[in-house]
Every structure is written in structure tokens, then in C-alpha cells.
Amino acid sequence: MEQFTITPAIAEGPQAVAAEPSLRDQAEAMKPRLRRDRFIWGIYLTLIVVSVIEVFCASSRQVTAGNILGPLLKHIALLGGGLVVMLILQRTHYMRFHRWAWVIVTFSVLAAIYTIFFGQNLNEAVRSFSFFGISVQPSELLKFSAALIIAKLLSEYHTTIDPKNAEDQMRDNKRIIIKVTCIVLFFSALMINQGLTNAILLVLIALSCMLIGGVAWKQFGIVLAIFAVLGLGYGTYKVVKSKLEEKEKTEQVATTGKPVAKDRTKMRVGRILNFMRTDKYLDKIDNDNCQEQYSYIAQANGGMFGVGIGNSRETARIPLAFSDYIYAIIIEDTGFIGGMVVLALYLFLLARAGRIAMKCKKSFPALLVIGMAVFITFQALMHMAIVTGAAPVSGQPLPLISKGGSSVIVTSVALGVMLSVSRFATRKGMRQEMRDSLTTLSDNEMSDNPTQL
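Attention here is on the structure that accompanies the text. (Residues numbered from 1 in each chain as written. Predicted model: local features only at pLDDT ≥ 70, side-chain atom pairs only at ≥ 80, totals over all residues. Heavy atoms only, no water.)

1. A closer look at the overall build of the protein
Next up, step 1: The helix and strand tally for the protein stands at 16 helices and three strands.
Next up, step 2: Out of the 453 residues belonging to the protein, those deemed buried represent 46%.
Next up, step 3: When contacts within the protein are restricted to residue pairs at least 6 apart in sequence, long-range pairs at least 24 apart make up 74% of them.
Next up, step 4: Element-wise, carbon and sulfur atoms account for 64% of the exposed surface of the protein, whose accessible area totals about 23900 Å². (Helix = DSSP H or I, 4+ residues; strand = E, 2+ residues; numbered from the N terminus. Buried < 20%, exposed > 50% of the residue type's maximum accessible area, 1.4 Å probe, protein only. Contact = heavy atoms within 4.5 Å. Areas by Shrake-Rupley, 256 points an atom, 1.4 Å probe, with all protein chains shown as cover.)

Right, here's the structure in full:
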């Protein structure tokens, strides 16, 4: 009797035919999956929810009878624009930021220079200019650009020296450190009159990236000393100059009767001296200290669990409750517990960036994701320190929560860059797409990730 065998390809019934996957299905199954980082997205969405609720609660001074939801809708539109930017950037390979780094830096510098000469005077300082109704603060662009270009330069730093090329590599390392130092000083000079805390944040971003990038301790110490000496020298010069000019300005007012521009150096020194006082909370409230005093009252009123969302009583008395002092409203609404939750979100973002950096094979994506996280987290910590009285009074938005155009967009760009790194630089296997992108880098730029050494 003849025996017949039936292969799965010609077996009867639809189930038998479907049992053998096609070559196309097998190829699709072998492709690497580009997954979104759920932790970063979770932090982002949580901050967005907090932002919408608290901006609505803190915008009572901007609300008019005919347009109650106007300030909130404008803020939601900016958040929506930031979301679109994130969705685009997370699908953009991070190497594009490497190639366009100097273009982004040039644009940021030109925007800062334009602001110095043609910017808008807001709260006795020229910090921004208007672009299609959106307030653009170049300081936010400069902080992002600094994190980007520092990551690009330090990716060429040799953490391990080859004995055969020791002299050349050590010379290259010195040049890299000199470039980073000069860039930070130049950016700080552009931003020093727009806000002293912005220059401090730049220095902190640079020093953090140097530590993570494996810069030699001797070189790190020299850079730190340069920043300290120049900072103290600049502060001393401004104080002495302010005292010498104060008498001349007083005489000018007495002679001509015309007011002169207020000296922000004197104001900054006053804020620092006031910060060092232990009895500042007992001062009588006036126009000069109303924001900080009312913010302290709001935080004390919040207690451990808060007065409830929307029940803040100080939001109507703090002039910038929706931006520079929104953390005080968060604490008043949700209490100490709510304030700690918001703090934990930013710290977790930094921790997640560290985790992503450790999974990167090359130095540039590792330094890039850390630089973006440091930029966002340190700005948040600075805002919280100012509001709670742990740092001298200054203007600094809370990333993604405070109301503001350029701050929301730039923070969204930074998060989009982090998502791009987590999407393309941490996949297993280093498949052809990654090999093609890395062939465009020089040998120096293909240095190993210093966090894995």
C-alpha cells in the first residue's frame, strides 16, 4: 500500500495553513522593538496633570470676568505644542542632535544677543522677547544648548589613555576642557544680567557632566577654581561699582529730578543678605518682600496634607503665583506630602536618566541623557529652594509646571531628547541602523561610555 505524507503547507483546513509563519512574519518578528520609556512618559504625564490643575488654581490674578478660562487654555495650548515636539523628537535619532549641535548653539546665542539690545523689560530686567505672542526667554535655550554641546565635547574625552598615543590624547583632553570652560563662561556672560541663578545653573550642569564624563580630578579642580575665582571677582566688582555709582545717581536725581534705572546689583546683594537673616519671616510685608512672605504663609497654611486643591487663599496675593512661586501654591493645596511627591518626580527623572546612561554603549548618548536630566532637575531644585527659603530670592520656573512659553517648550524638547536616547541607544544587539549611525563618528567620538568604566 502506498503511503502519502501531507506537509503543513498543503494540509486541509485554514488552521493547518496558518500554523507555518511566512518568511515576512519571521522577519518582522526578528526586528528590534523600539519601545517608549514608560517611566519618562509616566513622569511627564504626571507633571502635566499637576501643571494644568495648579496653573488653573494659581491664575486668579490673570482671570477676567469675560474670560475665566483664558489663561488656562493658553497654557494647555503650550503644553499641547510641547507634546507634539516630544512625539517628533522621540522618533528622531539622537545622532541628529550631535550633527546640529553647533547650529542650535549659534541660534541660542543670537537670540540672547537680540534680547540684550531689543528685549522686553520685565520686573526691572531684560529677559525675553515676544515671538508671535509667545514670550521667548533665551536663557532657557542657552541652558539646553549648554547641556547639548557639553555632551558633544565631552564624548571625545579619553577616560583611558593609550600608552602609544598618550601625549596626543592628553593634549586633546586639555583642549576639550578649555572649550567647555570657555563656552560656560561665555554663556554665563550672556545670561548674568537676565538672572544670576541662570549662570549658576550653567555652571552646575557643566560640573555635573564633567564628573559623569570621567574628567580627571585635577582638571575638574582647576575648572572649579576658575569658576569660583571669576564668580567672586565679578560679584566684588559689581558691589564696588554699585557703591561708587550710588552717590552719583543720588546727585543726578536731586539735580535733574529725573529717575534713574534701579541698580540690580544692590537688589541682589540685599536679597543675599536678607537670605542670611534668621528673623526674615517676622518682617513687615511690603512691596519689596510680599512675594516671598506670602509664599511662606502659603506653605505654613498647607501643613502636612494641605487645604485642598483650589482652596488656596494666598494665590490671589502672590503676584507670580502661576510661575515663579507655583511650588508654594502646590504645598498650600496638597501640603508637605504633595510637595514631596513633586520633588520625588524630578529626582526619579534624574535617576531614570542615570539608568538609561548605564545602558548606553557609547559616551555621547550617555552624556546627552544625563545633561538633559540635570538641566531639568537642577532647575526644579533651584525653584523649590527659592520658594522654600533655602536659597536667595530669584526668578526660576518649575519645569513643565510653571506657566510660561519658552520654559514649557524647551523642557519638552529636553524630554524628547531623553526619549530618543532611550529608544535608539539602549537596544540590544546594535543592529545595522546603529552601525550605520556610528560610522559617521570619529574614533574619539566613539569612545566608550564612562559610566560603564
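Further notes follow.
2. Regarding the packing of aromatic side chains
Next up, step 1: Scanning the entire structure with this criterion turns up seven aromatic pairs.
Next up, step 2: Centre to centre, the rings of Phe39 and Phe348 are 6.0 Å apart; their planes meet at 75 degrees, and the pair counts as edge-to-face. Placement of Phe39 in helix α3 (residues 38-58) and of Phe348 in helix α13 (residues 326-359) is noted, with a sequence separation of 309 residues between them.
Next up, step 3: Classification of Phe39 by relative accessible area gives partly exposed; the value is 38%.
Next up, step 4: Pairing Trp41 with Tyr44 gives two aromatic rings, centres 5.5 Å apart and planes at 85 degrees, and the pair type is edge-to-face. Highlighted residues: Trp41 and Tyr44, both in helix α3, separated by three residues, approximately one helical turn. (Phe/Tyr/Trp six-rings, centres within 6.5 Å; stacked < 30°, edge-to-face > 60°.)

3. Describing the side chain of Gln299
Next up, step 1: When you line up the elements, Gln299 lands in helix α12 (residues 290-302).
Next up, step 2: Not counting the four nearest positions on each side in its chain, Gln299 is found in contact with Ala328, Ile331, Val387 and Thr388.

4. Some points on the pattern of salt bridges
Next up, step 1: On inspection of all chains with the given rule, the structure shows five salt bridges.
Next up, step 2: In this structure, Glu314 engages Arg313 in a salt bridge whose closest nitrogen and oxygen atoms are separated by 3.2 Å.
Next up, step 3: The class for Glu314 is buried, based on a relative accessible area of 0%.
Next up, step 4: With relative accessibility at 53%, the residue Arg313 sits in the exposed group.
Next up, step 5: A salt bridge links Arg317 to Glu314; the shortest N-O distance between them is 2.8 Å.
Next up, step 6: Taking relative accessible area as the criterion, Arg317 reaches 37% and is therefore assigned partly exposed.
Next up, step 7: Through salt bridges with shared partners, a single ionic network connects Arg313, Glu314 and Arg317. (Salt bridge = Lys/Arg side-chain N within 4 Å of Asp/Glu carboxyl O.)

5. A word on the side chain of Asn173
Next up, step 1: With respect to the helices and strands, the residue Asn173 is situated in helix α8 (residues 166-191).
Next up, step 2: Contact partners of Asn173, with chain neighbours within four places excluded, come to Glu156, Tyr157, His158, Ile161 and Gln219.

6. Digging into helix α15 (residues 405-424)
Next up, step 1: Between its first and last C-alpha, α15 extends 29 Å over 20 residues, near the 28 Å set by a 1.5 Å rise per residue.
Next up, step 2: Across the 20 residues that make up α15, a large majority, 19, are buried. (Expected span 1.5 Å × (residues − 1).)

7. Side note on the environment of Ala77
Next up, step 1: Along the chain, the position of Ala77 falls in helix α4 (residues 70-89).
Next up, step 2: By relative accessible area, Ala77 is classed as exposed at 53%.

8. Overview of the environment of Phe39
Next up, step 1: Distance from Phe39 to Arg352, taken between C-alpha atoms, is 7.4 Å for residues 313 residues apart in sequence.
Next up, step 2: Among all residues touching Phe39, those that are not within four sequence positions of it are Phe348 and Arg352.

9. Considerations on a nonpolar patch on the surface
Next up, step 1: On the surface, a cluster of nonpolar side chains totalling about 650 Å² of accessible area is made up of Leu110, Ile113, Tyr114, Ile116, Phe117 and Phe118.
Next up, step 2: Tracing the chain through its elements places Phe118 in helix α6 (residues 101-118). (Patch = residues over 30% accessible without salt bridge, like charges linked within 9 Å, V, L, I, M, F, W, Y side chains within 5 Å.)

10. Things to note about helix α14 (residues 363-388)
Next up, step 1: Spanning 26 residues, α14 covers 37 Å between terminal C-alpha atoms, matching the ideal 38 Å at 1.5 Å per step.
Next up, step 2: Of all 26 residues in α14, 23 are buried, a share of seventy percent or more.
Next up, step 3: Looking one or two residues past α14, Gly389 carries a phi angle of roughly 90 degrees, positive in sign.

11. Comments concerning the packing of α6 against helix α7 (residues 138-154)
Next up, step 1: Running from N to C, α6 and α7 point in directions that differ by 150 degrees, and their axes come no closer than 9 Å. As judged from the angle between their axes, α6 and α7 are roughly antiparallel. Here α6 and α7 pass one another in a crossing that is left-handed. The segment α6 lies against α7, with Ala101, Trp102, Ile104, Val105, Phe107, Ser108, Val109, Ala111, Ala112 and Thr115 engaging Pro138, Leu141, Leu142, Phe144, Ser145, Leu148, Ile149, Lys152 and Leu153. (Axes fitted to C-alpha atoms, helices over the stretch in contact; angles between N-to-C directions. Parallel < 35°, antiparallel > 145°, perpendicular 65-115°, else oblique. Left-handed = near helix turned anticlockwise from the far one by under 90°.)

12. So, unusual backbone geometry
Next up, step 1: Positive phi outside glycine occurs at Leu400, with the angle close to 70 degrees.
Next up, step 2: Turning to its location among the elements, Leu400 is positioned in the loop between α14 and α15.

13. Some words on the nonpolar core
When a protein is soluble and globular, its nonpolar side chains tend to lie buried together.
Next up, step 1: Counting residues in each nonpolar core, the largest one holds 104 residues, and the members touching the most others are Leu154 and Leu398.
Next up, step 2: Among residues more than four places away in sequence, those in contact with Leu154 are Ile176, Ile177, Val180, Cys209, Met210, Val215 and Leu367.
Next up, step 3: Leu201, Met382, Ala385 and Ala391 belong to the second-largest nonpolar core, a separate cluster that totals five residues. (Core = buried A, V, L, I, M, F, W, Y, C linked by side-chain atoms within 4.5 Å.)

14. Description of the packing of α13 against α14
Next up, step 1: Running from amino to carboxyl end, α13 crosses α14 at an angle of 160 degrees, the nearest separation of the two axes being 9 Å. In terms of orientation, α13 and α14 fall into the roughly antiparallel class. Crossing handedness for the pair α13 and α14: left-handed.
Next up, step 2: Its residues placed into classes, the contact of α13 with α14 shows 22 nonpolar, four polar and no charged. (Nonpolar A, V, L, I, M, F, W, Y, C, P; charged D, E, K, R; others polar.)

Note that every value here comes from positions in space, so none of it alone points to a role or purpose.
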